[in-house]
Amino acid sequence: MRDVAAAAGVSRGTVSRVINGGHWVSPPAREAVEQAIATTGYRANQHARSLVTGRSNSLAFLITEPQSRLFADPVFSMLLRGAAEAVSARSMALVVLVAGTPSERENAAQYIGAGHVDGVLLISSHESDPMVQLLLEQDIPTVACGMPLGFAGRVPSVSVEEAGSARTVVAHLRERGRRRIAMITGPMDTPGGRYRLEGYRDELGDDFDDSLVVHGDWSQDSGTAGMEELLARHPDLDAVFAGSDLMAAGAIIALGRAGRSIPDDVAVVGFDDSGLAQALDPPLTTMRQPFDAISVEMVNTLVGLVEGGGTRSVTLPATLVVREST
C-alpha cells in the first residue's frame, strides 16, 4: 500500500478507502489510486486481511439435496453461475457444499461452524430438514432461496411471487379455453411446492378438484409418473401445470406415450424457464424466474447481513413466457 500511495501521490489512508469501497474519496484520487494499483500490480493479501477482520472472505452455496440434483436440475446451475459471478465481483470466494444426507449435513455444519465461510446462501430447504436450525443455533448469517418454511421472519429470503405466479398460469390456461386443469406439484415441505399449489387452488376457486393434483419431487421421472397417474384418474383433462420445467418435461413424455397431442389435446405449462423449456418439443410455456437477479440479491443481502445489516427479504416478479405448448 505504501508503493501504491507513492505512485498515486496520495496518503495510505486514501488507498485504503479506495480498496474498501471508495467512500469519501474524490473521483481524481480514486482514478489515481486505481491506475497505481494497475501499474504496481498490487493485490490485497486475503489471508492477512482475514486475520485482521476475523472473516474468511468467502460464502457457502449450500444445497440440502442429493448430490445428483446439483447436476440434473438446471435451476441449481443457473443459481450457482449467478452467485459465482456476484461473489467474484466482490473479490470473494464461493464454496459449494452439498448436504443431502445426515453425514453430509454434519460435515457441512462443522465446516461452516469452524469459520471457513462468513455466511451461507441456502439454495434449497425442506421444512423437516434440521439444517436451518443448525445454522441459526451457530448464529451463521444465512439467506435462503425461497422462504424457508417454519422460519419466516428469522431467516431472510429471496424468492419470486410463488402463489401469484401460479395464479397467472391458471388464468392463462383458462383464457385458452382449458377447463380440466391438473397440477403436478413439488414437495409440500418446500416453499415452491406449497405456495405454487396454493396459488393454483386459489385461482380455480370453486372449480378446484383435489383429485386433479399429484405430488412430485421436482425430477423428470416424478413428472412422468404424475402425468400417468393423472391420465388414469381423469382421461378428459385438457391442461396440466407442472411445478418445474423438469417435471413438465416428464409430463410431456407421458403424454406422448399416451398418444395425446400437445397442445391440441392437453396444454402444458412449467415453471422456471431454466433453458430446458425452449429445448422441449413443443417448446414449453413457463413462468420465468429471474435467476441472475435472485443470485445477486441473495449475495447482496448476505453480505449486508455479515456486515451487521438488518434482515430483509426480497420478492421478485416472475414472468409468463408463452410458447407452443399452450
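Because the structure is predicted, anything quoted here is derived from the model rather than measured. (Residues numbered from 1 in each chain as written. Predicted model: local features only at pLDDT ≥ 70, side-chain atom pairs only at ≥ 80, totals over all residues. Heavy atoms only, no water.)

Details of the packing of helix H11 (residues 220-233) against helix H12 (residues 245-257)
H12 packs onto H11 with a crossing angle of 45° between their chain directions and a minimal axis gap of 6 Å. Here H11 is positioned oblique relative to H12, judged by the angle of their axes. Once H11 is placed against H12, the crossing between them reads as right-handed. Every residue of H12 that contacts H11 at Gln220, Ser222, Gly223, Thr224, Met227, Glu228 and Leu231 is listed here: Leu246, Met247, Ala249, Gly250, Ala251, Ile253, Ala254, Leu255 and Arg257. Of the residues in the contact of H11 with H12, the class split is nine nonpolar, five polar and two charged. (Axes fitted to C-alpha atoms, helices over the stretch in contact; angles between N-to-C directions. Helix = DSSP H or I, 4+ residues; strand = E, 2+ residues; numbered from the N terminus. Parallel < 35°, antiparallel > 145°, perpendicular 65-115°, else oblique. Left-handed = near helix turned anticlockwise from the far one by under 90°. Contact = heavy atoms within 4.5 Å. Nonpolar A, V, L, I, M, F, W, Y, C, P; charged D, E, K, R; others polar.)

Notes on the environment of Ile262
By secondary structure assignment, the location of Ile262 is in the loop between H12 and strand S9 (267-272). Residue Ile262 is classed as buried on the basis of its relative accessible area of 16%. On a C-alpha basis, the gap between Ile262 and Gly150 in space is 39 Å, while along the polypeptide they are 112 residues apart. With sequence-adjacent residues up to four places away left out, Ile262 is seen in contact with Ile252, Leu255, Val268, Pro282 and Ser325. (Buried < 20%, exposed > 50% of the residue type's maximum accessible area, 1.4 Å probe, protein only.)

Points about the domain arrangement of the protein chain
Interfaces are frequently sized by the accessible area removed from exposure as the parts join. The domains assigned to the protein chain are domain 1 (1-44), domain 2 (58-160 + 291-316) and domain 3 (162-288). Using only C-alpha atoms to locate each centre, domain 1 and domain 3 end up separated by 56 Å. (Domains from an automatic or database assignment.)

Section: the packing of aromatic side chains
Taken as a whole, this structure holds one aromatic pair when the rule is applied. Measuring from ring centre to ring centre gives 6.0 Å for Tyr200 and Phe208, while their planes differ by 80°; the resulting arrangement is edge-to-face. Directly above the ring of Phe271 sits Arg196, whose terminal nitrogen or CZ lies 3.8 Å from the centroid. (Phe/Tyr/Trp six-rings, centres within 6.5 Å; stacked < 30°, edge-to-face > 60°. Lys NZ or Arg CZ within 6 Å of the ring centre and 35° of its normal.)

Details of helix H10 (residues 191-204)
The end-to-end C-alpha separation of H10 is 20 Å, in line with the 20 Å expected for 14 residues at 1.5 Å each. Those residues of H10 that fall on the buried side of the exposure criterion are Pro191, Gly192, Gly193, Arg196, Leu197, Gly199, Tyr200 and Leu204. Buried positions along H10 lie against helix H9 (162-175), strand S6 (181-185), strand S7 (213-215), strand S8 (239-242) and S9. Residue Gly205 follows H10 closely and has a positive phi angle near 60°. (Expected span 1.5 Å × (residues − 1).)

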